[in-house]
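Coordinate inspection notes
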Amino acid sequence: LKMKSTDGTLVSYVHGKVSENANAGSSAAIVELVGVGVDPKVVADAGKKLAMHIVAAKPLYLKADDVPSEVLDKERAILRSQLADSNKPPEVQEK
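Report on the accompanying structure. Owing to the predicted nature of the structure, the values given are computational and were not obtained by experimental measurement.

This part takes up the nonpolar core. In a soluble, globular protein the nonpolar side chains are often hidden away together inside. Counting 6 residues, the largest nonpolar core is built from Val 11, Tyr 13, Ala 29, Val 31, Ala 51 and Val 55. Mapped by element, the contributors of at least two residues to this core are strand E2 (9-15), strand E3 (27-33) and helix H1 (40-57). Leave out the neighbours within four places in its chain, and Ala 29 touches Val 11, Ser 12, Tyr 13, Ala 51, Ile 54 and Val 55.

Another aspect to go through is the environment of Val 31. By the secondary structure assignment, Val 31 is in strand E3. Look at Val 31 and you get buried, because its relative accessible area is 9%. Distance in space between the C-alpha atoms of Val 31 and Thr 9 is 8.1 Å, their sequence separation being 22 residues. Residues within four places of Val 31 in sequence aside, it is in contact with Thr 9, Leu 10, Val 11, Gly 47, Leu 50, Ala 51 and Ile 54.

According to the stated counting rule, one finds 2 salt bridges in the structure shown. Between Asp 45 and Lys 49 there is a salt bridge, and its shortest N-O distance comes to 3.3 Å. Placement of the pair is Asp 45 and Lys 49 together in helix H1, with a separation of 4 residues, close to one helical turn. A salt bridge links Arg 76 to Asp 73, with the shortest nitrogen-to-oxygen separation between them at 3.5 Å. A residue pair is termed a helical-turn pair when its members lie 3 or 4 positions apart in one helix, as Arg 76 and Asp 73 do in helix H2 (residues 69-84) at 3 residues. Exposure remark for Arg 76: the relative accessible area of 41% places this residue in the partly exposed category.

Within E2, 5 of the 7 residues are buried, which leaves the element mostly enclosed by the surrounding structure. Judged from the 7 bridges that link them, E2 and E3 form a sheet pairing that is antiparallel. Note that in E3 the partner of Val 14 across the bridge is Ala 28.

Bringing unusual backbone geometry into the picture now. Phi at Lys 58 takes a positive value of approximately 50°, unusual for a residue other than glycine. Mapped onto the secondary structure, Lys 58 falls in the loop between H1 and H2.

About the thresholds
Residues numbered from 1 in each chain as written. Predicted model: local features only at pLDDT ≥ 70, side-chain atom pairs only at ≥ 80, totals over all residues. Heavy atoms only, no water. Core = buried A, V, L, I, M, F, W, Y, C linked by side-chain atoms within 4.5 Å. Buried < 20%, exposed > 50% of the residue type's maximum accessible area, 1.4 Å probe, protein only. Helix = DSSP H or I, 4+ residues; strand = E, 2+ residues; numbered from the N terminus. Contact = heavy atoms within 4.5 Å. Salt bridge = Lys/Arg side-chain N within 4 Å of Asp/Glu carboxyl O. Pairing = 2+ DSSP bridges.

Encoded structure:
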């Protein structure tokens, strides 16, 4: 399923389709790609691959602003713990 947006191209991917002719399945993603002078086949291929990766990643949130601060704090703590074991200087770890 490929659609046009006002600014670019929308490309979708449906995982676990209920039938070959259906656009329903167990999960799906739609991505919008914007570019000038790009081959439409390249855009469609890249969009499908991106949509497939999104479905595989099973994101919990649509936008960064949607992520609760508690989740961000927990993830930062995990990253800091990993960096502490990296033997990098503290000023590098804070970046």
